[in-house]
Amino acid sequence: MKSGDPLKNMAHKKIHIIGSVGSGKTTLARKLSSELNIPHYELDNVMWKRRSSGDIKRTEWEREAHLKSIVQTDYWIIEGVHSEDWISSSFHHADLIIFLDTKYPIRTYRLIKRFLKQKLGLEKSNYKPSWRIFFNMFKWNRDFDNVEKVNFFNDYGMYKDKIKIIKSKYGEYL
């Protein structure tokens, strides 16, 4: 990370990163995981059982039990776009919640770049990149600012003392 980085020398042991698709959540989680020697978990992999034959959605009980097993450990970085009720325990237990507020055009560019790299086999993905998923990501990206972002701050504003909002300029670090 660059000098003057707002996240450098953090003493946090439990970090939750949230943002839209293409905001840089996974990239930031991997960097912090490496620098802080803390395991990171993608919420999509909590939601889905990854199988070579195809993903299987976990039941509500399985999903919540899996997340609980992560949240009860001493150190973790959890990242994902999700802010539904089943995620609330990770926000509650987090020492720091990082909200990546990356601008829409940057996220859109990243979605296109990611899709092309995945289709060409240059970047690994947890799912089979399809046109359906690609177009859904554009919908999710568009809806994030107007729906998900608003819902997050309405539902979890009580944690304002541990929420750090990082604007799109931070994308230069990712």
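Residues numbered from 1 in each chain as written. Predicted model: local features only at pLDDT ≥ 70, side-chain atom pairs only at ≥ 80, totals over all residues. Heavy atoms only, no water.

Engineer: Can you break down the pairing of strand β6 (residues 96–101) residue by residue, with the values?
Structural biologist: Most of β6 is tucked away: 6 of the 6 residues are buried. Burial of the side chains of β6 extends over both faces: Leu 96, Ile 98 and Leu 100 are buried on one face and Ile 97, Phe 99 and Asp 101 on the other. Sheet analysis places strand β1 (residues 14–19) next to β6, joined by 5 bridges and oriented parallel. What sits directly across from Ile 18, in β6, is Phe 99. Looking at chain direction, β6 and strand β7 (residues 163–167) are connected through 5 bridges and run parallel. (Buried < 20%, exposed > 50% of the residue type's maximum accessible area, 1.4 Å probe, protein only. Helix = DSSP H or I, 4+ residues; strand = E, 2+ residues; numbered from the N terminus. Pairing = 2+ DSSP bridges.)

Engineer: Go over the sheet that holds strand β2 (residues 40–42) with me, naming the residues and quoting the values.
Structural biologist: Strand pairing in a sheet relies on backbone hydrogen bonds, with the paired strands running either antiparallel or parallel. The sheet built from 5 strands is open, its strands ordered β2-β5-β1-β6-β7 with parallel pairing. In this open sheet, the two strands that pair with only one neighbour each are β2 and β7. The mean inter-strand angle of the sheet, taken between neighbouring strand axes irrespective of direction, is 20°. Contacts from helix α6 (residues 131–156) reach β1, β6 and β7, with the element oriented near 160° to β6. (Axes fitted to C-alpha atoms, helices over the stretch in contact; angles between N-to-C directions. Contact = heavy atoms within 4.5 Å.)

Engineer: Tell me about the environment of Ile 15, residues and numbers included.
Structural biologist: In this fold, Ile 15 is placed in strand β1. The class for Ile 15 is buried, based on a relative accessible area of 0%. Through-space distance from the C-alpha of Ile 15 to that of His 40 is 9.0 Å; in sequence the pair is 25 residues apart.

Engineer: I'd like a rundown of the packing of aromatic side chains, residues and numbers included.
Structural biologist: For the structure shown, the criterion picks out 14 aromatic pairs. Ring pairs connect the aromatic residues Phe 91, Phe 99, Phe 144, Phe 152, Phe 153, Tyr 156 and Tyr 159, which therefore count as one cluster. Lying across the ring of Tyr 159, Lys 162 places its NZ or CZ 4.7 Å from the centre. (Phe/Tyr/Trp six-rings, centres within 6.5 Å; stacked < 30°, edge-to-face > 60°. Lys NZ or Arg CZ within 6 Å of the ring centre and 35° of its normal.)

Engineer: Lay out the nonpolar core in plain terms, naming residues and giving numbers.
Structural biologist: Side chains that are nonpolar tend, in soluble globular proteins, to be buried together. Within the largest apolar cluster, 20 residues are counted, with the highest numbers of intra-cluster contacts made by Leu 43, Leu 67, Ile 78, Trp 86, Phe 91, Ile 97 and Phe 152. Breaking this core down by element, the ones donating at least two residues are α2 (43–47), α3 (60–71), β5 (76–80), β6 and α6. One finds Leu 28, Ala 29, Ile 98 and Leu 100 within the second-largest nonpolar core, a separate group that totals 11 residues. (Core = buried A, V, L, I, M, F, W, Y, C linked by side-chain atoms within 4.5 Å.)

Engineer: Can you break down the packing of helix α5 (residues 104–119) against α6 residue by residue, with the values?
Structural biologist: It is at 11 Å that the axes of α5 and α6 come closest, and there the two elements cross at 165°. The orientation of α5 with respect to α6, classified from their angle, is roughly antiparallel. Handedness of the α5/α6 crossing: right-handed. Contacts between α5 and α6 involve Tyr 104, Arg 107, Thr 108, Leu 111, Ile 112, Arg 114 and Phe 115 from the former and Trp 131, Phe 134, Met 137, Phe 138, Asn 141, Arg 142 and Asp 145 from the latter. Residue composition of the contact of α5 with α6, grouped by class: 8 nonpolar, 2 polar and 4 charged. (Parallel < 35°, antiparallel > 145°, perpendicular 65-115°, else oblique. Left-handed = near helix turned anticlockwise from the far one by under 90°. Nonpolar A, V, L, I, M, F, W, Y, C, P; charged D, E, K, R; others polar.)

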